[in-house]
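# Coordinate inspection notes
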Amino acid sequence: MSGVGALAAALPHLLALGADDAPTGPQGLGLRATQGQVLEWPTLVPLPVLVPLVAAGLALALARHRRAQAAVSTVALSVVLATSVAMLLAVQDVGTLVVTVGGWPAASGISLVADQLSTLMLSVSSAVTLGVLVYSVAQGAADGDDGAPVAIFHPTYLVLSAGVSNAFLSGDLFNLYVGFEMLLAASFVLLTLGGTSARIRAGSTYVVVSIASSLVFLAAIALVYAATGTANLAQLPERLDALDDGVRLALQLALLVAFGIKAAVFPLSAWLPDSYPTAPAPVTAVFAGLLTKVGVYAIIRTQTLLFPEGRLDDLLLVVALATMVVGILGAVAQSDVKRLLSFTLVSHIGYMVFGIAVGSVAGLASAIFYVVHHITVQTTLFLVLGLVERRGGSTSMDHLGGMAKLSPLLGVLFFVPAMNLAGIPPLSGFLGKVGLIQAGVADGGVLPLVLVGGSVVTSLLTLYAVAKAWNRAFWSRPATVGREEETRSDDDEAPDAATTLSGVGEVSQRQDAVERAQGVSALATEEDDEAAAAGALTGAAVDPERTPVEMTRVPRGMVAPTAALVALGLSLTVLAGPLLRVAEDSALELDQRQPYVRAVLGQAAADRVAPTTQVGPAGGSR
Amino acid sequence: MSPALVLVAVVFVLVATGVYLVLERSLTRVLVGVILMSNGINVLFLVASGAAGEPALVGSAEPARMSDPLPQAMVLTAIVITLGLTAFLLAMAYRSWQLHGHDEVQDDVEDRQVRGRAVRDETSGSYDPDDEEAPVEERSEDRRRAHASPSPRDPSPHDRAPDDGPRRAAQRREEGP
């Protein structure tokens with residue numbers, strides 16, 4: 001406990017130091033306007049990384065002042081959001097923004113590149129991060145738990161945000177690795193917050209798998225460097241094109257495996273549903289929204305910029321199908337809503353990989369749109385689940401029930417994003433899926449058509465899974481389904497179940513006894529039809545130190561950001577036109593490859609790089 | 001440029017040993033495996049940087065005869081990162097030992113429950129709770145796991161109890177936002 005606490009307190013600090021060194025370099029932050037662009041816009045580029053890092057240090061120093069800490073993080077993330085949106089708009093006008101950190105030449109130094117894709121990702125992710133932060137601040141205020149290890153929550157969360165921004169902005173494979181490590185190290189701390197038994201267990205899986213993927217990534221960078229002598233994303237296309245086919249394939253595979261683990265693509269996805277559900281609700285929400293998408297972003301970036309000929313597209317298509325189908329079948333089997341959503345998260349990564357693998361501009365654009373949609377929706381769902389857990393005392397469908405009657409607001413908040421996830425028209429999930437299906441049909445190959453079928457089936461199964469969750473948790477009478485399950489686990493689990501059953505009155509302080517008692521009291525209320533709606537609450541009331549009133553009232557501060565994110569998800573539907581245009585523009589930019597290289601290295605270098613359409617086997621499709 | 005064979009062999013041995021150790025269940029062994037593997041990959045960077053040359057200090061030698069400094073900078077960064085992660089893993093293994101008396105990674109409880117339901121065919125429409133016959137090995141395995149690790153410090157090992165609200169609530173008190 002103390003070990004974890006002390007280390008967790010030290011980690012963000014260490015990271016802040018290390019990372020501050022990395023992007024600033026020896027001469028401080030020397031900005032250099034490239035290619036005659038206005039100086040003002042590139043100045044913004046490092047801010048999404050720097051501001052959260054500085055704020056993380058500040059928040060750590062303010063560890064004893066809760067409110068000041070919360071204010072610092074909120075302000076920092078608001079600045080990041082404002083910067084990102086400003087950059088997104090600026091990129092439309094002035095083109096890709098580039099900053100070579102420290103004034104080193106782009107080839108040997110670190111460059112931060114903000115093109116359409118990066119800024120779009122950055123805007124959505126920072127909006128979601130800010131929403132989750134407000135939610136967790138409200139949760140902390142509602143719980144009033146002083147002395148808990150939350151002092152490290154804010155600094156760590158800010159480092160996570162900085163890592164995500166760094167990964168999105170990185171113009172360099174190694175800097176991408178550093179970004180990944182920042183967000184991973186922060187996520188380790190957040191996932192094991194409090195160091196309880198369940199979290200340490202889940203954390204072990206997560207940490208080991210993440211480290212393994214990082215090592216694969218690092219090895220891949222070493223190989224890329226050995227083959228080309230650079231890790232710069234703008235220099236690599238030209239040098240990789242000159243390489244032997246076999247070597248290039250090996251490098252592509254190595255990078256794909258590394259990013260595949262992070263993005264939770266099927267054979268490499270088993271770690272995700274195992275580790276995410278145990279974390280606190282806001283943490284799970286932000287992980288579900290962002291971390292896998294950073295992996296997807298890295299796949300998009302490398303597949304288009306570095307390996308445009310798409311020799312692994314068939315493999316990616318198969319993998320995408322497996323991710324969708326296996327993921328959603330896993331979701332159908334779950335009885336805990338948190339785990340169910342973790343499985344849908346895995347499953348829907350398949351859609352994005354599908355879009356990437358089709359390889360046409362339309363496919364890429366739909367994949368990008370889908371990423372934006374999915375970040376918002378998945379985060380929102382996990383946040384709502386946090387509220388459900390507070391209100392109903394559990395996230396298991398066996399114990400929940402009657403939530404819609406208990407709290408209609410929560411019902412709406414859950415229902416809208418759930419239907420959005422399943423892809424009910426006219427919501428953004430539907431638009432994204434239609435875009436992908438159109439791209440698949442336009443491609444016309446056998447595999448893409450199979451994928452089209454697969455994605456429709458997955459969409460239907462998603463609808464089945466979330467409808468099941470809705471029915472059992474929100475519509476059914478409380479705990480009617482729980483009886484068999486509960487007696488069963490008593491049977492299975494312990495000879496002392498009988499003693500617990502007999503001693504309903506005296507609720508022991510021991511935790512497993514409390515847990516059994518919850519089932520028992522739920523059974524008791526079940527007799528009483530009038531009290532049916534209150535049944536879900538009884539379980540919560542068993543918790544010895546929390547009064548029912550505290551449990552039943554969901555703080556407004558937590559509902560507001562959740563509602564805001566639901567609204568953001570809906571606005572994606574309303575703004576689908578402009579959003580799709582941005583997605584198409586960035587897909588086109590990715591497909592041409594030259595704009596990226598031109599922005600970083602200049603026109604001469606860009607001329608030596610062929611656009612995807614000329615490299616690929618057939619025009620328009622890689 | 002021809003890579004040094006000795007270095008390649010070192011990379012091979014370190015990474016192979018590391019992979020073997022990472023596949024173990026005990027976190028301490030995993031930790032040692034991670035350290036070996038990351039050292040192996042750091043050496044791989046040295047292979048990538050080509051033959052050793054003069055120190056890359058301005059004015060000390062001709063640029064053509066210098067070593068490539070960039071991979072060394074990358075290795076340094078990687079070493080620092082690995083150090084932080086190692087410290088974290090170590091703390092986690094210690095915490096695991098504190099809680100359970102060992103540092104082995106357990107299976108997920110909910111996973112086992114879902115698997116158990118599938119084995120009992122409970123999810124099918126024809127399921128009847130009265131004629132339940134849970135397969136013997138499933139139950140005995142559960143029991144063995146449940147009693148395998150009594151810890152002196154923690155009288156209620158959470159990981160064998162079914163997933164439930166009050167525990168979550170109790171955790172929430174500890175963890176804050």
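Bear in mind that the values here come from a model prediction, so they are computed numbers and not experimental data. (Residues numbered from 1 in each chain as written. Chains lettered and ligands numbered in written order. Predicted model: local features only at pLDDT ≥ 70, side-chain atom pairs only at ≥ 80, totals over all residues. Heavy atoms only, no water.)

What follows deals with the overall build of chain B. When you go through chain B residue by residue, the secondary structure sums to six helices and zero strands. Reading chain B from its N end, one meets helices and strands in the order α-α-α-α-α-α. Considering chain B as a whole, with its 177 residues, one finds that 48% of them fall into the buried category. For chain B, the share of sequence-separated contacts (at least 6 apart) that also reach a separation of at least 24 residues comes to 58%. Surface summary for chain B: the accessible area is close to 9300 Å², and the carbon and sulfur share equals 62%. (Helix = DSSP H or I, 4+ residues; strand = E, 2+ residues; numbered from the N terminus. Buried < 20%, exposed > 50% of the residue type's maximum accessible area, 1.4 Å probe, protein only. Contact = heavy atoms within 4.5 Å. Areas by Shrake-Rupley, 256 points an atom, 1.4 Å probe, with all protein chains shown as cover.)

Residues and elements named next belong to chain A. Taking 1.5 Å per residue, 26 residues should reach 38 Å; helix α12 (residues 281-306) reaches 37 Å between its end C-alpha atoms and fits that length. At F287, α12 shows its maximal kink, close to 35°. The buried fraction of α12 amounts to 26 of the 26 residues, a majority that puts the element mostly inside the structure. (Expected span 1.5 Å × (residues − 1). Bend = angle between axes of the 7 residues up to and from the residue.)

A separate point is the nonpolar core. Here is a general trend for soluble globular proteins: nonpolar side chains tend to be buried in one another's company. Residues and elements named next belong to chain A. Within the largest apolar cluster, 215 residues are counted, with the highest numbers of intra-cluster contacts made by F217 and F414. Examining the composition of this core, we find that 18 residues originate from one element, helix α15 (residues 361-392), more than from any other. Each residue touching F217, except ones within four places of it in the same chain, is listed here: L173, L176, Y177, F180, L255, A258, F259 and K262. (Core = buried A, V, L, I, M, F, W, Y, C linked by side-chain atoms within 4.5 Å.)

All right, on to the pairing of strand β2 (residues 110-114) of chain A then. Residues and elements named next belong to chain A. The element β2 is extensively covered by neighbouring structure, given that four of its five residues are classed as buried. As paired strands, strand β1 (residues 97-101) and β2 are joined by five bridges and run antiparallel to one another. Counterpart to T100 in the pairing with β2 is S111. (Pairing = 2+ DSSP bridges.)

Here the focus is the packing of helix α10 (residues 245-263) of chain A against α12 of chain A. Residue and element names in this part refer to chain A. The geometry of α10 relative to α12 is characterised by a closest axis approach of 7 Å and an angle of 160° between their N-to-C directions. As the angle between them shows, α10 and α12 are arranged roughly antiparallel. The two elements α10 and α12 meet at a crossing, and its hand is left-handed. Residues Q252, L255, L256, F259, G260, K262 and A263 of α10 form the contact with α12, whose own contacting residues are L291, T292, G295, V296, A298, I299, T302, Q303 and L306. For the contact of α10 with α12, a count of residues per class yields nine nonpolar, six polar and one charged. (Axes fitted to C-alpha atoms, helices over the stretch in contact; angles between N-to-C directions. Parallel < 35°, antiparallel > 145°, perpendicular 65-115°, else oblique. Left-handed = near helix turned anticlockwise from the far one by under 90°. Nonpolar A, V, L, I, M, F, W, Y, C, P; charged D, E, K, R; others polar.)

What the rule picks out here adds up to 21 aromatic pairs over all chains. Aromatic side chains W470 of chain A and F474 of chain A sit 4.9 Å apart centroid to centroid with 15° between the ring planes, which places their arrangement in the stacked category. Of this pair, W470 of chain A and F474 of chain A both sit in helix α19 (residues 446-475), four residues apart, which is roughly one turn of the helix. Here F474 of chain A falls in the buried class, since its relative accessible area comes to 3%. What links up through ring pairs into an aromatic cluster is the set F174, Y177, F180, F217 and F259 of chain A together with F45 of chain B. Here the basic side chain of K262 of chain A rests over the ring of F180 of chain A, its NZ or CZ set 4.8 Å away from the ring centre. The cationic tip of K433 of chain A hangs over the ring face of Y351 of chain A; the distance from NZ or CZ to the ring centre is 5.2 Å. (Phe/Tyr/Trp six-rings, centres within 6.5 Å; stacked < 30°, edge-to-face > 60°. Lys NZ or Arg CZ within 6 Å of the ring centre and 35° of its normal.)

Residues and elements named next belong to chain A. Residue P426 follows P425 across a cis peptide bond; omega there is 5°. As for its placement among the helices and strands, P426 is situated in the loop between α17 (408-422) and α18 (428-443). Phi angles above zero are rare outside glycine, and A264 is one such case at about 60°. By the secondary structure assignment, A264 is in the loop between α10 and α11 (271-275). For A264, a relative accessible area of 0% translates into the label buried. Of note, the phi angle at R593 is positive, near 65°, even though the residue is not glycine. Checked against the element boundaries, R593 lands in the loop between α26 (576-592) and α27 (594-601). Here R593 falls in the buried class, since its relative accessible area comes to 0%.

Moving on, we come to the side chain of H348 of chain A. All names here are of chain A. Mapping H348 onto the fold places it in helix α14 (residues 337-358). A distance of 2.8 Å separates polar atoms of two side chains, one belonging to H348 and the other to Y370. When residues no more than four places from it in sequence are discounted, the contact partners of H348 are Y370, H374, L421, K433 and T462. (Polar contact = N/O pair within 3.5 Å; in protein donor to acceptor, adjacent residues only side chain to side chain.)

This paragraph deals with the packing of helix α13 (residues 313-333) of chain A against α14 of chain A. All names here are of chain A. Remark: α13 packs on α14, axes separated minimally by 7 Å, with the N-to-C direction vectors making an angle of 160°. By the angle class used here, α13 and α14 are roughly antiparallel. α14 is crossed by α13, and the crossing has left-handed handedness. Where α13 approaches α14, its residues D313, L316, L317, A320, T323, M324, G327, I328, G330 and A331 are matched on the opposing element by L340, F343, T344, V346, S347, I349, G350, Y351, V353, F354, A357 and V358. When grouped by side-chain class, the residues that make up the contact of α13 with α14 number 15 nonpolar, six polar and one charged.

Counting across every chain of the model gives ten salt bridges over all chains. Salt bridges linked by common partners bring D245, R248 and E309 of chain A together as one network. (Salt bridge = Lys/Arg side-chain N within 4 Å of Asp/Glu carboxyl O.)

We now examine the confidence of the model for chain B. Residue and element names in this part refer to chain B. With 66% of its residues at a pLDDT of 70 or more, chain B has an overall mean of 73. The secondary-structure element of chain B with the lowest mean pLDDT is helix α6 (residues 165-175), recorded at 44, while helix α1 (residues 5-22) shows the highest, at 92. Counted against residues more than four places away or in other chains, residues 132-177, with its pLDDT under 50, gives 115 contacts. (pLDDT = per-residue confidence, 0-100.)

The next subject is the pairing of β1 of chain A. For β1 of chain A, the tally of buried residues reaches five of five residues, placing the bulk of the element in the interior. With burial as the criterion, each face of β1 of chain A is covered, one bearing L97, V99 and V101 of chain A and the other bearing V98 and T100 of chain A.

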